[in-house]
Structure formats: C-alpha cells, structure tokens
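Per-entry structural report
Here is how the chains run, residue by residue.
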Amino acid sequence: MNKADVIWMNGEIVPWEEARIHVLSHALHYGSGVFEGIRAYETERGTAVFRLRDHLERLKDSAAFYYMELPYSLEKLREATHELINTNKLRSCYVRPLVFRGYGEMGLYPLDAPIDVMIGVWPWGGYLGEECQHQGIRCKVSSWRRMSAASFIPQAKATGQYLNSILAKVETAKAGYEEAIMLDEHGNVCEGSGENIFLVGGGEIATPPSTASILDGITRRSVIQIAEDLGFRVVERDIARGELYQAEELFLTGTAAEVVPVREVDDHALGPPGEVTVAIQSAFFEAIQGKRDEYLEWLDFVEPDAAEPLKEPVRISRAARQ
Ligand SMILES: Cc1ncc(COP(=O)(O)O)c(C=O)c1O
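A quick note: this is a predicted structure, and the numbers were derived from the prediction, not measured.

Looking at the overall build of the chain
Check the secondary structure of the chain and you find nine helices and 17 strands. Relative to its length of 322 residues, the chain is compact, with a C-alpha radius of gyration of 20 Å against a globular reference of 20 Å. Dimensions of the chain, computed from the C-alpha atoms along their principal axes, are close to 50 × 50 × 30 Å. Considering only intrachain contacts with a sequence separation of at least 6, the fraction spanning at least 24 residues in the chain is 71%.

Regarding the site of the ligand
Taken together, 17 residues lie around the ligand, and K157, Y162, I218, T219 and T255 are the ones closest in. Taking I218, its main chain carries an N or O atom lying 2.7 Å from an oxygen atom of the ligand. Take T219: an N or O atom from its side chain is 2.6 Å from an oxygen atom of the ligand. Taking 380 Å² as the accessible area of the ligand by itself, protein coverage stands at 96%. Of all the secondary structure elements, the ones that give two or more residues to the shell around the ligand are α2 (52-65), α6 (218-229) and β14 (249-254). Partitioning the shell around the ligand into residue classes produces three nonpolar, nine polar and five charged.

Considering the pairing of strand β12 (residues 204-207)
Of the two faces of β12, the one lined by E204 and A206 and the one lined by I205 and T207 are each fully buried. Relative to β12, strand β11 (residues 196-201) is paired through three bridges, and the arrangement is antiparallel. The residue of β12 that forms the bridge with V200 is I205. For the segment spanning β12, α6 and strand β13 (residues 234-236), crossover handedness is right-handed.

A look at the nonpolar core
L77 and I85 are the most contacted members of the largest nonpolar core, which totals 37 residues. Residue assignment for this core shows that the elements contributing at least two residues are β1 (6-9), β4 (38-43), α2, α3 (74-87), β6 (93-101) and β7 (115-122). Excluding anything up to four places from it in sequence, I85 contacts A40, T47, V49, L90, C93, V95, V121 and V302. In terms of nonpolar packing, the next biggest core, distinct from the first, is built from 24 residues, Y41, I226, A283 and I288 among them.

Some remarks on the packing of aromatic side chains
A full pass over the atoms with the stated rule returns eleven aromatic pairs. Judged by centre distance (5.3 Å) and plane angle (50°), the ring pair of Y94 and W122 falls under tilted. Of the two residues, Y94 is situated in strand β6 and W122 in strand β7; the sequence distance between them amounts to 28 residues. Note on W124 and Y127: the rings are 5.8 Å apart at their centroids and 90° apart in plane angle, and the pair reads as edge-to-face. A relative accessible area of 28% means that W124 is categorised as partly exposed. Accessibility expressed as a relative area gives 32% for Y127, which makes it partly exposed.

A closer look at the packing of α6 against helix α8 (residues 275-288)
Between two packed helices, what matters for the description is the angle formed by their axes and the separation of those axes. Remark: α6 packs on α8, axes separated minimally by 10 Å, with the N-to-C direction vectors making an angle of 115°. Here α8 runs roughly perpendicular to α6, going by the angle between their axes. Crossing hand, α6 versus α8: right-handed. Mapping the contact onto sequence places T219, V223, I226 and A227 in α6 and I280, A283 and F284 in α8. In terms of residue class, the contact of α6 with α8 is built from six nonpolar, one polar and no charged.

As for the environment of W124
Within the secondary structure layout, W124 lies in the loop between β7 and α4 (132-135). With 112 residues separating them along the chain, W124 and E12 place their C-alpha atoms 23 Å apart.

Some thoughts on the side chain of N88
Assignment of secondary structure puts N88 in the loop between α3 and β6. From its side chain, N88 meets the backbone nitrogen of V6 in a polar contact 2.8 Å long.

Here's the deal with unusual backbone geometry
Excluding glycine, a negative phi dihedral is what most residues carry, and trans is how most peptide bonds are arranged. Phi angles above zero are rare outside glycine, and N10 is one such case at about 45°. Looking at where N10 falls in the secondary structure, it is placed in the loop between β1 and β2 (12-15). In this model, Y67 sits at a positive phi of 60°, which is unusual for a non-glycine residue. Within the secondary structure, Y67 is located in the loop between α2 and α3.

Some words on the pattern of salt bridges
Counted according to the given criterion, the structure contains 21 salt bridges. With its nearest N and O atoms 2.9 Å apart, the salt bridge here joins R220 to E236. Linking R220 in helix α6 with E236 in strand β13, this pair joins segments that are 16 residues apart in sequence. A relative accessible area of 46% means that E236 is categorised as partly exposed. The closest approach of N and O atoms between E294 and R292, which form a salt bridge, is 3.1 Å. A relative accessible area of 43% means that E294 is categorised as partly exposed. Taken together, the shared-partner salt bridges connect R53, E75, R78 and D300 into one network.

Procedures and definitions
- Residues numbered from 1 in each chain as written.
- Predicted model: local features only at pLDDT ≥ 70, side-chain atom pairs only at ≥ 80, totals over all residues.
- Heavy atoms only, no water.
- Helix = DSSP H or I, 4+ residues; strand = E, 2+ residues; numbered from the N terminus.
- Rg over C-alpha atoms; globule rule 2.2 N^0.38 Å.
- Contact = heavy atoms within 4.5 Å.
- Near = heavy atom within 4 Å.
- Polar contact = N/O pair within 3.5 Å; in protein donor to acceptor, adjacent residues only side chain to side chain.
- Areas by Shrake-Rupley, 256 points an atom, 1.4 Å probe, with all protein chains shown as cover.
- Nonpolar A, V, L, I, M, F, W, Y, C, P; charged D, E, K, R; others polar.
- Buried < 20%, exposed > 50% of the residue type's maximum accessible area, 1.4 Å probe, protein only.
- Pairing = 2+ DSSP bridges.
- Right-handed = clockwise from strand over helix to strand, strands pointing away.
- Core = buried A, V, L, I, M, F, W, Y, C linked by side-chain atoms within 4.5 Å.
- Phe/Tyr/Trp six-rings, centres within 6.5 Å; stacked < 30°, edge-to-face > 60°.
- Axes fitted to C-alpha atoms, helices over the stretch in contact; angles between N-to-C directions.
- Parallel < 35°, antiparallel > 145°, perpendicular 65-115°, else oblique.
- Left-handed = near helix turned anticlockwise from the far one by under 90°.
- Salt bridge = Lys/Arg side-chain N within 4 Å of Asp/Glu carboxyl O.

Next comes the structure, spelled out in structure tokens:
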C-alpha cells in the first residue's frame, strides 16, 4: 500500500512506522472494531473531504451498535483529519478512521477493554482500477450471502463483519471477475463486496432497500440525490437475481470504487456503460471536484497549512479529472 508520513492515534500525531498496537489487542482477536472509508479530493479551492461529517456520524453509529462510546467528539475527529491531510501534505487521499477495542482484556465480553481510535490517510487511486470506470467491470454473484440482520448488524461498518465480504471477494476474484455481487439471506440482490448496487431499467433506477442488509452507503445517498436531481425516478425495492441479467444498465457505488459501471454479470453481457450511468457518474465526479454548486455542501474544505508546498497530486480516476 501507499504510505504517508504520520498517523493520528489516540489524540497524538505519530510517525507512520511507529503507529503500533499490542498483539493481544481485543480487536485483533475478535474483530471488535468499527471504521470508515472516506476520500479527500483535489478541487480548485484546495483539498476537500467528501461528506466527512456524514462519515463520522456513521462511525459513531457503528460504534454505538457495538456498545462503544467514542472517546473524542466528531468535531475533534474532523479536525484531526484536516490536520493529518495537511501534515502529510496530500492533495487527495483516502481517509481511514478506526475505533477498536484495544489491549487489556480478553474474552468475548468486551466492555472492559479500552477503546482506541486511529485515523490514517494515504494516497489511494481507483480501487477497481481506472479503466474500470470507463469500460465497466465483470461481476459474478457470489455463493456467499451477505450477512443477515439475524446474525449481525449489516448497517454497522464493523471490522469483523468484513470477513463476509472477503469470502465473496476472494471467491469471485479467483474465478476471474473484478467484483462480487452478494445476495441477501432471501436470495434478493444485496450489494457488492464493498459497494452498493443500482439497476437501470423500465424507466426507473432501482436499488435494494436498507432492509436488504445493505450498508447505507454515503455514495449511495449521494447518487440517489444526483439521480433525482437529473430527473430520474429512483426506487428502493427488492431486486431478483434474474433482473441483473436483463438490466439495461447496472452500476456500483462506494467511496473506494466511486461510481463503476458493470458490463457483465455471471457471463451475461450488459454492454458498455449506458447513458444513465454515464450521466450520474459525470455529475458525481463534478460534485467531488467542487464543480457543482448544488453539492458544495458535501465538501469539507481543508484549510491549507501555508508553510510548505503540497506534494504532487495522487492520480484519481481519469473521469474525475475530466
Ligand atoms: C459492504 C459495503 N457496502 C457498501 C459500501 C459503500 O458505502 P460508502 O458509499 O459509504 O463508501 C461499502 C463501503 O464503505 C461497503 O464496505
């Protein structure tokens, strides 16, 4: 992975190489952590973090689901994120806050274990590859179902829960596909291993509802708003697996992947990115670059630390730079 110079850990800025934890930390053994994935983009007005407050709110909610109270206010975490981006002199980057049960207690009753918080930032280009945003990706429905709300809390972005996504991702990657699509416990379409899914067809854009065990993606929320502003009808409804094969267009959304067209599912060709997908994708990329006034409220601008010049920008997706 790419590196940066420093990390924020429990209120301190520490050198990247020294951001360490004890091997008997609770979260390492039981997956007792919650996290966020956020992106900061270069805009003409400087670096802006995309929907930082919304992400931090979701972090707080995820923590609460697992009986963890954040030891820092959201404003403190926001300031720490800004400070980190400045100190690491990054124009654009990925931002990863993690709240986890630390060292001190073992066993499945976690409430006496300490709560540690870290934030890391580093340069990270297109998650599924830059070309994918233009050409679309090949997906396969995984044999692994997305976790059920009877066993986990799907709307929590919790570390241990990602073993479910990892199974699906590895299975489909080994089969030669770029991304997994997971069904929910009822066999309806749920989401990608790390993205929400949208299906275009019959004059509407459909996406599974939150009752389908999805993570309530921040990109999903943004794309719903953009689609509606563009005049499309968006419905949250159950989607049957077979609908994927007859979709006019299909695309995935997520912080890491951004907006990615799907050109093939289970070896059924859907064709190159369609016009609805491209319209939404273009508006999204303009929004994250600060080129759309109506979405400026999504951007949390980082006040530059004027003392030192910024590092060269990280290559974000080609579409984002158009
Ligand atoms: C399982 C899962 N679903 C959906 C998403 C998309 O969420 P967001 O748009 O907030 O990144 C992610 C990424 O965070 C994810 O890990």
